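Structural description and commentary
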Amino acid sequence: MKRQIFNQYVEKICSLFSITSDDLISSNKRGDLSDARHMLYYLCSKRQISVSNILKYLADMGLKTSHSVISYGIKSVEDKFNNDNDYVQVITKIEKSVTI
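Residues numbered from 1 in each chain as written. Predicted model: local features only at pLDDT ≥ 70, side-chain atom pairs only at ≥ 80, totals over all residues. Heavy atoms only, no water.

Another aspect to go through is unusual backbone geometry. You will see that Ser-18, though not glycine, has its phi angle at about 55°, which is positive. Counting through the fold element by element, Ser-18 comes out in the loop between helix H1 (2-17) and helix H2 (21-24). Even without being a glycine, Gln-48 presents a positive backbone phi close to 65°. Looking at the element boundaries, Gln-48 is found in the loop between helix H3 (31-46) and helix H4 (51-61). (Helix = DSSP H or I, 4+ residues; strand = E, 2+ residues; numbered from the N terminus.)

Quick look at the structure:
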């Protein structure tokens, strides 16, 4: 069940950022790609997907990352969410559009 939610988040975020899933899971540190990955981590955490599961799902897609990278990404989006109304609107829209 959680994997389906994760996959829907990947699809929605790729559409929002106009990137491919290969771009999303790349280790490229370009700003928009990092922002997209961070948003994925944040949305997953809000949906009670554990960091270990996020790591597994990403590894299954080809991205090896770490617990600290995911924690940093979640914190980064939390900060933006608290200070940028556009982030609030986008995240709320994605959350409402993802179903099981």
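Moving on, we come to the layout of surface pockets. Counted as a void, the largest pocket has a volume near 200 Å³. Ser-26, Ser-27, Lys-29, Ser-34, Arg-37, His-38, Tyr-41, Leu-63, Lys-64, Thr-65 and Val-69 are the residues that line the largest pocket. With four residues, H3 is the largest single contributor of residues to the lining of the largest pocket. Across the lining of the largest pocket, the residue classes tally to three nonpolar, five polar and three charged. (1 Å grid on protein atoms, 1.4 Å probe; cavity = no way out; pocket = protein on both sides within 12 Å on 5 of 7 lines; lining within 4 Å. Points joined across faces, edges and corners; volume = space filled by probe spheres on them. Nonpolar A, V, L, I, M, F, W, Y, C, P; charged D, E, K, R; others polar.)

Moving on: H1. Taking 1.5 Å per residue, 16 residues should reach 22 Å; H1 reaches 22 Å between its end C-alpha atoms and fits that length. Among the residues of H1, those classed as buried are Ile-5, Phe-6, Gln-8, Tyr-9, Val-10, Ile-13 and Cys-14. Of the surrounding elements, those touching the buried residues of H1 are H2, H3, H4 and helix H6 (85-97). Directly after H1, the chain includes Ser-18, whose backbone phi takes a positive value near 55°. (Expected span 1.5 Å × (residues − 1). Buried < 20%, exposed > 50% of the residue type's maximum accessible area, 1.4 Å probe, protein only. Contact = heavy atoms within 4.5 Å.)

With that settled, consider the side chain of Arg-37. Along the chain, Arg-37 falls in helix H3. No salt bridge is formed by the buried Arg-37. Its closest oppositely charged neighbour is Asp-32, at 8.1 Å. For Arg-37, the residues in contact, after removing those within four places along its chain, are Asp-23, Leu-24, Ser-26, Ser-27, Asn-28, Lys-29 and Leu-63. (Lys, Arg positive; Asp, Glu negative; His and termini not counted. Salt bridge = Lys/Arg side-chain N within 4 Å of Asp/Glu carboxyl O.)

Turning to the pattern of salt bridges, a few remarks are in order. Tallied over the entire structure, the rule returns five salt bridges. Of the charged contacts in the structure, one is a salt bridge between Arg-3 and Asp-60, with a shortest N-O distance of 2.6 Å. Of the two residues, Arg-3 is situated in helix H1 and Asp-60 in helix H4; the sequence distance between them amounts to 57 residues. On the accessibility criterion, Asp-60 (45% relative accessible area) is partly exposed. Through salt bridges with shared partners, a single network forms among Arg-3, Lys-56 and Asp-60.

Our focus in this paragraph is the nonpolar core. Ranked by internal contacts, the top residues of the largest apolar core, which has 30 residues, are Phe-6, Tyr-9, Ile-13, Leu-24, Leu-40 and Leu-58. For this core, the secondary-structure elements that each account for two or more residues are H1, H3, H4, helix H5 (67-83) and H6. In terms of residue count, H3 provides more of this core than any other element does, eight residues in total. (Core = buried A, V, L, I, M, F, W, Y, C linked by side-chain atoms within 4.5 Å.)

Read these as geometric descriptors, not functional statements.
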